[in-house]
Amino acid sequence: MIEIHEDFNLKDYNSWKLEVFAEKACLPTTVEEIKQAQQWAQENSQPVTVLGGGTNVLISDQGVSGLLIILKNFKGVEVLEDKTNLKLKAKAGTPKFELMRHFMKYRLSPALFLSGLPGDVAGGVVMNAGVSEARTPREFCEVVESFEVLKPDNSIKTYNKDEITWVYRTSKGWQPGIITSVTLSWSLEKDLEIPKKVKEANMLRLSKQPLDQPSCGSTFRNPEGTSAGALIDQCGLKGFEIGGAQVSKKHANFLINTGTATATDFAQLIKHIQNVVLEQKNIQLQTEVKWLGNW
Ligand SMILES: Cc1cc2nc3c(=O)[nH]c(=O)nc-3n(C[C@H](O)[C@H](O)[C@H](O)COP(=O)(O)OP(=O)(O)OC[C@H]3O[C@@H](n4cnc5c(N)ncnc54)[C@H](O)[C@@H]3O)c2cc1C
C-alpha cells in the first residue's frame, strides 16, 4: 500500500521554495500506486490535489487539505518503434529536460522548444506550456500525440490530441482526472544546428530572466496583443516588493523569492500588480500560475 505522509513540507517541491505544507501527501512511483492513493482518498472522503514539478503553482500558507499526490518520482521514458517519427512515451512526472535530451540526441527541433521549459511532461500538457519566440514547435500541443488519464473511477482513458481543446496556456476536454503518461511524436527530420541553437537560446534566457532566483517563470498570462511583463514594467513596478516577494528587476513578469517570502507575500504582490495595471492601463491581468491549497 502506498505510504501517506502527514504534514508534508513542500519547500523542495515548489520552484518558489515556499515552506508550505500538505495535510497528507504521497509520492507514487507506479500507476498502481497512483490508483491506490486515489482510492485511499475516496474511502477516507479526502479531496485530491495533484502536483507535478511545482514550477507553476502558488501553494497557500494555509496548506493543502486532503491528499496531495506528488508525481515527481513517477518518471521514465520509453522510445516507441516508429520509422518516420521519434515517438516517446513518458510517465507523468518525467522532467521536460529528460525529453529534451532524447530529441537532442536525434537533432530534432522539439529539443530547442523543450530546453526553455521547466517542470514535468504532464504539467506541460495541463498548461499547454509554450515559448514566446516564433519557433516550430512552439506549444506543447504540437508535440503531443496522445495521453492517458486516470479517471476518478480508477479507469484509464486515452485521449488523442485532436479530442482536446488547446488554447494559450490551457488544455481542456480531459478533466477530471490525473494525467499518467504522455506520448510525444516528431518527424525524424534532423536539424544539425539544434545544439548551437539550444546553446544560444539558453544564453539569451539567462540574460533576460532571473534564473538564479526562485520563481515560477511568468506569473501573469499575456493579455491579447501585449506582454504582461511590459505592462508591469511601464507601471514602474520593477523591484517593487512585499515582504520577501519581489518583482524581478530583470524581467517584470517574474516574481522572485528574495529569501524569506511567504505565499501570502506573493498573493499580496500579485493583487497589488493587478490593481496598479488596471488603474494605469485599464487591463485586468490574469495569473498564469495556479493557486493550490486553501486560499
Ligand atoms: C524559470 C521558469 C521559467 C518558465 N518558463 C516557462 C515558459 O517559457 N513557458 C511556459 O509555458 N511555462 C514556463 N514556466 C512555467 C512552468 O514551468 C510550466 O507551466 C510547466 O509546464 C508546469 O509544469 P509542472 O510539472 O511544474 O506543473 P505544476 O506546477 O506542478 O502544476 C501545474 C498545474 O497542473 C496540474 N497538474 C500537474 N500535473 C498533473 C497531472 N499529472 N494530472 C493532472 N493535473 C496535473 C497541477 O495541479 C497544477 O494545477 C516557467 C517556470 C519557471 C520556474
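Definitions and limits used
- Residues numbered from 1 in each chain as written.
- Predicted model: local features only at pLDDT ≥ 70, side-chain atom pairs only at ≥ 80, totals over all residues.
- Heavy atoms only, no water.
- Pairing = 2+ DSSP bridges.
- Helix = DSSP H or I, 4+ residues; strand = E, 2+ residues; numbered from the N terminus.
- Domains from an automatic or database assignment.
- Contact = heavy atoms within 4.5 Å.
- Buried area = accessible area lost by both parts, 1.4 Å probe.
- Salt bridge = Lys/Arg side-chain N within 4 Å of Asp/Glu carboxyl O.
- Polar contact = N/O pair within 3.5 Å; in protein donor to acceptor, adjacent residues only side chain to side chain.
- Nonpolar A, V, L, I, M, F, W, Y, C, P; charged D, E, K, R; others polar.
- Patch = residues over 30% accessible without salt bridge, like charges linked within 9 Å, V, L, I, M, F, W, Y side chains within 5 Å.
- Areas by Shrake-Rupley, 256 points an atom, 1.4 Å probe, with all protein chains shown as cover.
- Lys, Arg positive; Asp, Glu negative; His and termini not counted.
- Charge placed at Lys NZ, Arg CZ, Asp CG, Glu CD.
- Buried < 20%, exposed > 50% of the residue type's maximum accessible area, 1.4 Å probe, protein only.
- Phe/Tyr/Trp six-rings, centres within 6.5 Å; stacked < 30°, edge-to-face > 60°.
- Lys NZ or Arg CZ within 6 Å of the ring centre and 35° of its normal.
- Core = buried A, V, L, I, M, F, W, Y, C linked by side-chain atoms within 4.5 Å.

Draft legend 1. How the structure looks around the sheet that holds strand E14 (residues 245–247). Taken in spatial order, the three strands make up an open sheet running E13-E14-E15, and their pairing is antiparallel. Of all the strands in the sheet, just strand E13 (241–242) and strand E15 (255–257) have a single pairing partner and so form its edges.

Draft legend 2. Representation of the domain arrangement of the chain. In terms of domains, the chain is made up of domain 1 (5–70), domain 2 (77–195) and domain 3 (210–292). A separation of 25 Å is found between the C-alpha centroids of domain 1 and domain 3. Across the boundary between the two partners, domain 1 contributes 15 residues, which contact 20 residues of domain 3. At the boundary of domain 1 with domain 3, total buried surface from both sides reaches about 1,400 Å², with 62% on carbon and sulfur atoms. If you look at where domain 1 meets domain 3, you find zero salt bridges. Our enumeration of links across domain 1 and domain 3 arrives at 10 residue pairs in polar contact (both at pLDDT 80 or more). Contributing elements (two or more residues each) for the side of domain 1 that touches domain 3: strand E3 (48–51) and strand E4 (57–59). The class makeup of the residues in the side of domain 1 that touches domain 3 is seven nonpolar, six polar and two charged.

Draft legend 3. Region of interest: a positive patch on the surface. There is a patch of like positive charges on the surface, built from Lys11, Lys17, Lys72 and Lys75. As for its placement among the helices and strands, Lys75 is situated in the loop between strand E5 (64–70) and strand E6 (77–80). Given a relative accessible area of 48%, Lys75 falls into the partly exposed group.

Draft legend 4. Main features of the pattern of salt bridges. Applying the stated criterion to the full structure yields 11 salt bridges. For Lys87, the salt bridge goes to Glu145, with nearest N and O atoms at 3.2 Å. With Lys87 in strand E7 (residues 85–91) and Glu145 in strand E8 (residues 144–150), this pair connects stretches of sequence that are 58 residues apart. Exposure remark for Lys87: the relative accessible area of 17% places this residue in the buried category.

Draft legend 5. Up close: the side chain of Asn85. Take Asn85: it is sitting in strand E7. A distance of 3.3 Å separates a polar atom in the side chain of Asn85 from a polar atom in the side chain of Thr84. At a separation of 2.8 Å, a polar atom in the side chain of Asn85 contacts the side chain of Ser185. If sequence neighbours within four positions are ignored, Asn85 has contacts with Ser185, Trp186, Ser187 and Leu188.

Draft legend 6. Here's a closer look at the packing of aromatic side chains. All told, the structure shown has seven aromatic pairs when counted by the stated rule. For the pair Phe113 and Phe140, a centre-to-centre distance of 6.0 Å together with 50 degrees between the ring planes defines the contact as tilted. Here the residue Phe113 occupies a position in helix H3 (residues 110–114), and Phe140 occupies one in the loop between helix H4 (121–127) and E8, the gap between them amounting to 27 residues. Overall, the relative accessible area of 0% leaves Phe113 in the buried class. On the basis of relative accessibility, which here comes to 0%, the residue Phe140 falls in the buried class. Its guanidinium or amino end placed over the ring of Tyr159, Lys157 lies 4.8 Å from that ring's centre, counting from NZ or CZ.

Draft legend 7. Quick look at helix H2 (residues 96–105). Of all the positions in H2, only Lys96, Leu99, Met100, His102, Phe103 and Met104 are classed as buried. Among the structural elements, E6, E7, H3, H4, strand E12 (178–187) and helix H5 (194–208) are those in contact with the buried residues of H2. Arg107 sits one or two residues past H2 and shows a positive phi near 60 degrees.

Draft legend 8. Representation of the nonpolar core. Membership of the largest hydrophobic core comes to 48 residues, with the highest contact counts inside it found for Phe103, Val125, Phe140, Phe147, Ile179, Val182 and Leu184. No other element matches the five residues that E12 contributes to this core. A domain-level breakdown of this core finds at least three residues from each of domain 1 (5–70) and domain 2 (77–195). Every residue in contact with Val182, bar those within four places of it in the chain, is listed here: Leu88, Lys89, Ala90, Val121, Ala122, Val125, Val144, Ser146 and Phe147. Core analysis: the second largest hydrophobic core is formed by 38 residues, Phe220, Ala228, Leu231 and Val247 among them.

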